[in-house]
Amino acid sequence: MMERTFLMLKPDAIQRGLMSEILGRIEAKGYKPVAMKFMRLPKELAERHYGEHKGKPFFPGLIEYITSGPSLVMVWEGENIISGMRVLMGKTNPSEASPGTIRGDLAQQTGRNLIHGSDSPESAKREIELFFNDYELQTWDRSVQPWMIE
Ligand code: IDP
Ligand code: MG
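Residues numbered from 1 in each chain as written. Chains lettered and ligands numbered in written order. Predicted model: local features only at pLDDT ≥ 70, side-chain atom pairs only at ≥ 80, totals over all residues. Heavy atoms only, no water.

Caption draft 1: Structural context of the side chain of E127. Relative to the helices and strands, E127 resides in helix α7 (residues 121-131). R126 provides the closest opposite charge to the buried, unpaired E127, separated from it by 4.1 Å. At 2.6 Å, the side chain of E127 forms a polar contact with the side chain of S118. The contacts of E127, once residues within four sequence positions are left out, are F6, H49, H116 and S118. (Helix = DSSP H or I, 4+ residues; strand = E, 2+ residues; numbered from the N terminus. Buried < 20%, exposed > 50% of the residue type's maximum accessible area, 1.4 Å probe, protein only. Lys, Arg positive; Asp, Glu negative; His and termini not counted. Salt bridge = Lys/Arg side-chain N within 4 Å of Asp/Glu carboxyl O. Polar contact = N/O pair within 3.5 Å; in protein donor to acceptor, adjacent residues only side chain to side chain. Contact = heavy atoms within 4.5 Å.)

Laid out in structure tokens, this is it:
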């Protein structure tokens, strides 16, 4: 099933100069970029994005981290991309994430795990709408698509 997901390279990924490393993995998989924006999340937007975690002990630290500098917020498209990106990202806790995954290869701690990806079609829809207007989403064809999707 062709899907869209919301992805964010968090401030640690930007600070550590890992944008090209991480984007390279997503591009090489064959997924298609639909929208990108480089922005420092306002506190209110960060709190809405992570609304499901409000009240948890790590919430204040999470908001501080995610608003501490610019992030790269994005929409990508691909076959089963929502679960596919969760696999590419690896487990939330990088010390449990498999080698070969973004978090498994490049991060050490849950509180500095580099990347966000929607966890379900409902979250993807909500998160995409929270960060992007319709006119910011590019609908375009990639000529190599038939070599990746039969
Ligand atoms: P996910 O990003 O893999 O979907 P969630 O459980 O939804 O993981 O948590 C959202 C984010 O909150 C994590 O990616 C991480 O940045 C942060 N987080 C979650 N649990 C902890 C924790 O125990 N300590 C510090 N940060 C946490
Ligand atoms: Mg989550």
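Caption draft 2: A look at the site of ligand 1. Taken together, K10, Y50, H53, F58, L62, R86, T92, R103, T110, G111 and N113 make up the full set of residues adjacent to ligand 1. Contact distances for ligand 1 include 2.8 Å between an oxygen atom and a side-chain N or O atom of H53. T110 places a polar main-chain atom, nitrogen or oxygen, 3.5 Å from an oxygen atom of ligand 1. Here ligand 1 is seated within the largest pocket. (Near = heavy atom within 4 Å. 1 Å grid on protein atoms, 1.4 Å probe; cavity = no way out; pocket = protein on both sides within 12 Å on 5 of 7 lines; lining within 4 Å. Sits in = over half its atoms within 2 Å of the grid points.)

Caption draft 3: Structural detail: the sheet that holds strand β1 (residues 2-9). Here four strands make up an open sheet; going across it, the order is β2-β3-β1-β4 and the pairing antiparallel. Each end of this open sheet is capped by a strand with a single partner; those strands are β2 (32-39) and β4 (115-117). With direction set aside, neighbouring strand axes in the sheet form an average angle of 20°. Those strands touched by α7 are β1, β2, β3 (71-79) and β4, and its axis lies near 60° from that of β1. (Pairing = 2+ DSSP bridges. Axes fitted to C-alpha atoms, helices over the stretch in contact; angles between N-to-C directions.)

Caption draft 4: Fine view of the packing of aromatic side chains. For the coordinates displayed, the defined rule picks out one aromatic pair. Geometrically, the ring pair formed by F6 and F131 is stacked, given 4.5 Å between the ring centres and 20° between the ring planes. Placement of F6 in strand β1 and of F131 in helix α7 is noted, with a sequence separation of 125 residues between them. Across the pair, F131 and F6 agree in class, each one buried. Above the plane of the ring of W140 lies K32, whose end atom (NZ or CZ) is 5.8 Å from the centre. Across the ring face of F132, the terminal group of K37 is positioned such that the distance to the ring centre comes to 4.5 Å. (Phe/Tyr/Trp six-rings, centres within 6.5 Å; stacked < 30°, edge-to-face > 60°. Lys NZ or Arg CZ within 6 Å of the ring centre and 35° of its normal.)

Caption draft 5: Looking closely at the side chain of T67. The topology assignment puts T67 in the loop between α4 (59-66) and β3. For T67, the residues in contact, after removing those within four places along its chain, are R40, L41, P42, K43 and A46.

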